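# A structural walkthrough
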Amino acid sequence: MTTPIGVSVRRQTTDVDAMLAELRLCERAHDVEVNGLPLHILPGVLSPRLSHGPDALMSRWHIEPGATVLDLGCGSGVLGLAALRAGAASLVALDINPQAVLTTKINIERLGYSDRAEVRYSDTYSGLQSGEKFDIILFAAPYWNRKAKDDLERSCFDEDHNVMASALQGAHLRLNDKGVMYVLFSDQGDVGRVLNLIDNSKLRVRDMHIFRPSIPGGHVRIIWELTAR
């Protein structure tokens, strides 16, 4: 497939520090296409040009027609916007990085979803109103147990997996009956700790999917499908 002129070529990398260093060098916005979805990425935002985790999640999710979707830690907006394209009725996207909020807002407008989608600045669920619930929660979690120094690093680093803990502990309050939370993770993080967090939450594992590395030295990706107990 030929890459459209002006669109960055996607590639995979196994070194998170090298990826972050490359993204810091991006002083201008760039465009990237993910499974036919054209996205505009501002500097300071994790780009699917180098991150392929969303592809794994999209290959395993089930988006019921008319579903209401929450994209938790939306970044570029790739997952939530792909869910709308797959048939979801509405989207609320949340992120703590102001540049990610702006990037997702731009992509919502560019793709013509302004009547069905909105993006809010939020620390996990803090941007939601009381009683807001969804059929689907999408959470591409940061993998590495490291302290983040800035908003860009927050997309990759989660010290002691505290963000994961907050996301899991609050999810049951934000899921409709029969709602599903999809969590994307990796063996680069502490899988055992996350399993303990799930076990101690008010969620249960409905299914789990394992993706073997697709490049030498790559990491194993894990997708959990979680429902409220």
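Everything numeric in this text was worked out from a predicted model, so none of it was measured.

### Description of the overall build of the chain
In terms of helices and strands, the chain carries seven helices and 10 strands. For 229 residues, the compact-globule estimate of 2.2 N^0.38 gives 17 Å, and the chain sits close to it at 16 Å. Projected onto its principal axes, the C-alpha positions of the chain cover 50 × 40 × 35 Å. Taking all 229 residues of the chain together, the buried fraction comes to 50%. Taking contacts inside the chain between residues at least 6 apart in sequence as the whole, the part at least 24 apart equals 67%. When the accessible surface of the chain is summed, it comes to about 10800 Å², and 48% of that surface belongs to carbon and sulfur atoms. Taking the 25 positively charged and 28 negatively charged side chains of the chain as two groups, their mean positions are separated by 2 Å.

### Some details on the sheet that holds strand β5 (residues 90-95)
In spatial order, the strands read β6-β5-β4-β7-β8-β10-β9; together these seven strands make up an open sheet with mixed pairing. Pairing within the sheet leaves two strands with one partner each, and these edge strands are β6 (117-121) and β9 (203-211). Neighbour-to-neighbour, the strand axes of this sheet turn through a mean angle of 15°, independent of strand direction. Along the sheet, helix α6 (residues 162-171) contacts β4 (68-72), β7 (134-140), β8 (175-186), β9 and β10 (221-228); its crossing angle with β8, the most-contacted strand, is approximately 165°.

### Concerning the environment of Tyr121
Mapped onto the fold, Tyr121 is located in strand β6. Measuring from C-alpha to C-alpha, the distance between Tyr121 and Pro48 comes to 20 Å, with 73 residues separating the pair along the chain. In this structure Tyr121 touches Asp95, Ile96, Pro98, Val101 and Gly127, once residues within four positions along its chain are discounted.

### Some thoughts on helix α4 (residues 98-110)
Here α4 is 13 residues long and its end C-alpha atoms lie 18 Å apart, about the 18 Å a rise of 1.5 Å per residue gives. By the burial criterion, the buried members of α4 are Ala100, Val101, Thr103, Thr104, Asn107 and Ile108. Within α4, the buried residues cover an arc of 165° as seen down the axis, which keeps them to one side. The residue sitting at the N-terminus of α4 and contributing the capping side-chain oxygen is Asn97; that oxygen lies 2.9 Å from the backbone nitrogen of Gln99. Just downstream of α4 lies Gly112, where phi reads positive at about 80°.

### A closer look at the side chain of Thr124
Along the chain, Thr124 falls in the loop between β6 and β7. Exposure remark for Thr124: the relative accessible area of 17% places this residue in the buried category. Reaching out from Thr124, the side chain makes a polar contact with the side chain of Ser166 at a distance of 3.2 Å. Residues in contact with Thr124, not counting those within four places in the same chain, are Leu72, Leu94, Val163, Ser166 and Ala167.

### Re the environment of Phe134
Take Phe134: it is sitting in strand β7. Expressed as a C-alpha distance, the spacing of Phe134 and Pro98, which sit 36 residues apart in the sequence, is 23 Å. Contacts of Phe134, omitting those with residues within four sequence positions, involve Thr68, Val69, Leu70, Val92, Leu128, Arg174, Leu175 and Asn176.

### Re the side chain of His161
Mapping His161 onto the fold places it in the loop between α5 (151-154) and α6. Judged by its relative accessible area of 0%, His161 falls in the buried class.

### Things to note about the confidence of the model for the chain
Predicted confidence across the chain gives a mean pLDDT of 93, with 97% of residues reaching 70 or more. Below pLDDT 50 for its whole length, residues 1-5 participates in three contacts with residues either more than four positions away or in separate chains.

What counts, and where the lines are drawn
Residues numbered from 1 in each chain as written. Predicted model: local features only at pLDDT ≥ 70, side-chain atom pairs only at ≥ 80, totals over all residues. Heavy atoms only, no water. Helix = DSSP H or I, 4+ residues; strand = E, 2+ residues; numbered from the N terminus. Rg over C-alpha atoms; globule rule 2.2 N^0.38 Å. Buried < 20%, exposed > 50% of the residue type's maximum accessible area, 1.4 Å probe, protein only. Contact = heavy atoms within 4.5 Å. Areas by Shrake-Rupley, 256 points an atom, 1.4 Å probe, with all protein chains shown as cover. Lys, Arg positive; Asp, Glu negative; His and termini not counted. Charge placed at Lys NZ, Arg CZ, Asp CG, Glu CD. Pairing = 2+ DSSP bridges. Axes fitted to C-alpha atoms, helices over the stretch in contact; angles between N-to-C directions. Expected span 1.5 Å × (residues − 1). Arc of directions from axis to C-beta. Polar contact = N/O pair within 3.5 Å; in protein donor to acceptor, adjacent residues only side chain to side chain. pLDDT = per-residue confidence, 0-100.

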